[in-house]
Amino acid sequence: SGDDGMIDVSAKFETLREAVAEARVTAEAATLELVTANLIPKGDLPTFVKAAAMLAAKRTPDLLPHCHPVPLDLTEVAVEAGRDAIVIRVRIRAVWKTGVEMEAMTAAAVGALTAYDLLKFAKDDTLTIAGVRLVGKSGGYSEWREAGQGLSAAVVVVSTSTAQGRRQDRAGKAVAARLEQEGVTVRDYRVVGDDPTAIAAAVRDLADGAKVDLLALAGGTGLSPDDVTVEAVRPLLDREVPGIAEAARAYGQRRSPRAMLSRSLAGVRGTTVILALPGSTRGASESLEALLPGLLHAFPMLRRAGHPG
């Protein structure tokens, strides 16, 4: 269970994460003047605080049991000694699967402890670490999430054995369940055989007739002679969107050396986004995980809603 160790983040995608934290050390004005005059016996306080904070940021997973090791791209520490407090501000950036707020707060806290250690010689009874707080953070799934509410979808399983009742579908149902999690309403679910005519008929019916926003086909994207989904779907696309399939394969390849063998395809027909995904449950699920939530931004683009910011 999640209580037994670190949270499993293997399914998450990497995004630029940033966090800013701040710590304050308060003391009498006379004590703080020693800092600005560089009269601290143990050495230059800002220099030591910055070094300690940077080291602490890198050691955060050694100190906090549930923190994952994160490759930090930036650790920036500012130390300001004012008339009533020393303010330690830390900014951290990383391109990774988890946030870096704990690294920023740990760095600020250890920086404050270092300042306290350097100032304790002054015998100032008012010397206090007044607090450590998260100033702000950005990045991650929540920042890129877009509402799936109001969007409709259909799932087509392409498999002759499933159509004949010799095999149970799990991939298509996994795709439908994942879309529902995003708030997308799955209006249609059907199974067709590995037949280009049947595949094309399903695409036309759902894109041109039902006009669903998203059509996901699962199966027929491999290298077997029966895998004809790509050949059936590609001529029906008004525009192909190569980056979607590239993102799914890149995500999958980091988890399985066979992902490169997928011929997954994506494009637009009218105002319907069409995905041709692998037929295995793992392949279909990982592909969709790679594409959400970014895929949902295709719909405001199609509706000419523009880009945020």
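Structural notes, computed from the coordinates.

Procedures and definitions
- Residues numbered from 1 in each chain as written.
- Predicted model: local features only at pLDDT ≥ 70, side-chain atom pairs only at ≥ 80, totals over all residues.
- Heavy atoms only, no water.
- Helix = DSSP H or I, 4+ residues; strand = E, 2+ residues; numbered from the N terminus.
- Buried < 20%, exposed > 50% of the residue type's maximum accessible area, 1.4 Å probe, protein only.
- Lys, Arg positive; Asp, Glu negative; His and termini not counted.
- Salt bridge = Lys/Arg side-chain N within 4 Å of Asp/Glu carboxyl O.
- Polar contact = N/O pair within 3.5 Å; in protein donor to acceptor, adjacent residues only side chain to side chain.
- Contact = heavy atoms within 4.5 Å.
- Pairing = 2+ DSSP bridges.
- Axes fitted to C-alpha atoms, helices over the stretch in contact; angles between N-to-C directions.
- 1 Å grid on protein atoms, 1.4 Å probe; cavity = no way out; pocket = protein on both sides within 12 Å on 5 of 7 lines; lining within 4 Å.
- Points joined across faces, edges and corners; volume = space filled by probe spheres on them.
- Nonpolar A, V, L, I, M, F, W, Y, C, P; charged D, E, K, R; others polar.
- Patch = residues over 30% accessible without salt bridge, like charges linked within 9 Å, V, L, I, M, F, W, Y side chains within 5 Å.
- Areas by Shrake-Rupley, 256 points an atom, 1.4 Å probe, with all protein chains shown as cover.

What follows concerns the environment of S138. With respect to the helices, strands and loops of the structure, S138 is situated in strand 4 (residues 128–138). When the C-alpha positions of S138 and R255 are compared, they lie 26 Å apart, and in sequence the two are 117 residues distant.

To continue, consider the side chain of D227. Take D227: it is sitting in the loop between strand 7 (214–218) and helix 9 (229–233). The side chain of D227 sits in the buried core without any salt bridge; R263 is the nearest counter-charge, 5.8 Å away. A distance of 3.3 Å separates a polar atom in the side chain of D227 from the backbone nitrogen of G222. Apart from residues lying up to four places away in sequence, D227 is in contact with G220, T221, G222 and R263.

With that settled, the discussion passes to the sheet that holds strand 7. In spatial order, the strands read 6-5-7-10-9-8; together these 6 strands make up an open sheet with mixed pairing. Every interior strand has two partners, whereas the edge strands, strand 6 (185–192) and strand 8 (239–240), have only one. Of the pairings in the sheet, the one linking strand 8 to strand 9 (residues 265–269) comprises 2 bridges and is antiparallel in character. For R239, the partnering residue across the bridge sits in strand 9 and is V268. Lying on the sheet, helix 7 (residues 171–181) is in contact with strand 5 (152–158), strand 6, strand 7 and strand 10 (272–277); it crosses strand 6 at an angle near 170°. Packed on one face of the sheet, helix 8 (residues 196–209) meets strand 5, strand 6, strand 7, strand 9 and strand 10 and runs near 165° to strand 6.

Computed from the structure, the largest pocket encloses a volume of approximately 610 Å³. As for the largest pocket, its lining consists of 34 residues, of which T221, P278, G279, S280 and G283 are closest to the centre. Residue assignment for the lining of the largest pocket shows that the elements contributing at least two residues are strand 5, helix 6 (160–163), helix 10 (242–253) and helix 11 (281–291). With 4 residues, the single largest contributor to the lining of the largest pocket is helix 11. A class-by-class count of the residues in the lining of the largest pocket yields 9 nonpolar, 15 polar and 10 charged. Of the volumes computed, that of the second largest pocket is approximately 470 Å³. Broken down by secondary-structure element, the contributors of at least two residues to the lining of the second largest pocket are helix 10, helix 11 and helix 12 (298–302). Its residues placed into classes, the lining of the second largest pocket shows 15 nonpolar, 4 polar and 2 charged.

We now examine a nonpolar patch on the surface. On the surface, L113, Y116, I129 and V132 cluster together to form a nonpolar patch covering roughly 310 Å² of accessible area. Secondary structure elements with two or more residues in the nonpolar patch: helix 4 (101–119) and strand 4. By secondary structure assignment, the location of I129 is in strand 4.

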